[in-house]
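One letter stands for each residue in the lines below.
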Amino acid sequence: VYPYLFRATIPGDLYVSISKINDIQCPTLVIHGTNDEIVPYYHGEEIQRTLKTWAAAPLFLKGAKHSNIETQFSKKLYPHLRQFIDKLSLQIYNQASQTKLTAISPKSKGVEAKWPKE
């Protein structure tokens, strides 16, 4: 498929995601098409493997390209997104309900969502 599997991206790439993956400090959902003609599919797989924070089950869409996921794969995409958002919302709600709520000042960090790896 791809003769060379680079850990970094090609020169001039503005979105060097794999180099920034260690900076992610929040729940993450990877969505990628297997026929993406712009960003190779293995980049999505590598990002999923490299995530150190909680990562949702990825959504790798067979046959999807770079720009057709929302239009041609919506029946798989939107339920998956909804599940991720619902889980995140529930986690935040549960953390907030276990914490004595006080006025939020500009200096407060708020509620953090930290999930165990599944």
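All of these numbers come straight from a predicted model, not from anything done at the bench. (Residues numbered from 1 in each chain as written. Predicted model: local features only at pLDDT ≥ 70, side-chain atom pairs only at ≥ 80, totals over all residues. Heavy atoms only, no water.)

Chemist: I'm lost on the environment of F60 in this one. Help?
Modeler: You can see F60 is positioned in strand β2 (residues 59-61). Note on F60: relative accessible area 26%, which makes it partly exposed. Taking C-alpha positions, F60 is 8.5 Å from E45, a pair spaced 15 residues apart along the chain. With sequence-adjacent residues up to four places away left out, F60 is seen in contact with V30, H32, Y41, G44, E45 and Q48. (Helix = DSSP H or I, 4+ residues; strand = E, 2+ residues; numbered from the N terminus. Buried < 20%, exposed > 50% of the residue type's maximum accessible area, 1.4 Å probe, protein only. Contact = heavy atoms within 4.5 Å.)

Chemist: What is the right way to look at the confidence of the model for the protein chain in this model?
Modeler: Close inspection of predicted coordinates is inappropriate for parts of the model with low pLDDT. Looking at the protein chain as a whole, its pLDDT mean stands at 78, while 70% of the residues score no less than 70. Predicted confidence in the protein chain is weakest over helix α1 (residues 17-20), with a mean pLDDT of 79, and strongest over β2, with 97. When the criterion is pLDDT under 50, residues 1-6 qualifies, and its contacts beyond four places in sequence or with other chains add up to seven contacts. Contacts for the low-pLDDT stretch residues 101-108, under 50 throughout, to residues beyond four places or in other chains number one contact. (pLDDT = per-residue confidence, 0-100.)

Chemist: When you look at the pattern of salt bridges in this model, what are you seeing that I'm missing?
Modeler: Working definition: two side chains of opposite charge can pair if their charged atoms are close together. Across all of its chains, the model carries two salt bridges by this definition. Between E46 and R49 there is a salt bridge, and its shortest N-O distance comes to 2.8 Å. Linking E46 with R49, this pair stays in helix α2 (residues 41-50), spanning three residues, or about one helical turn. Residue classification places R49 among the exposed residues on the basis of a relative accessible area of 59%. Put simply, R82 and D86 hold a salt bridge, and the shortest N to O gap is 3.0 Å. Of this pair, R82 and D86 both sit in helix α4 (residues 74-97), separated by four residues, roughly a single helical turn. (Salt bridge = Lys/Arg side-chain N within 4 Å of Asp/Glu carboxyl O.)

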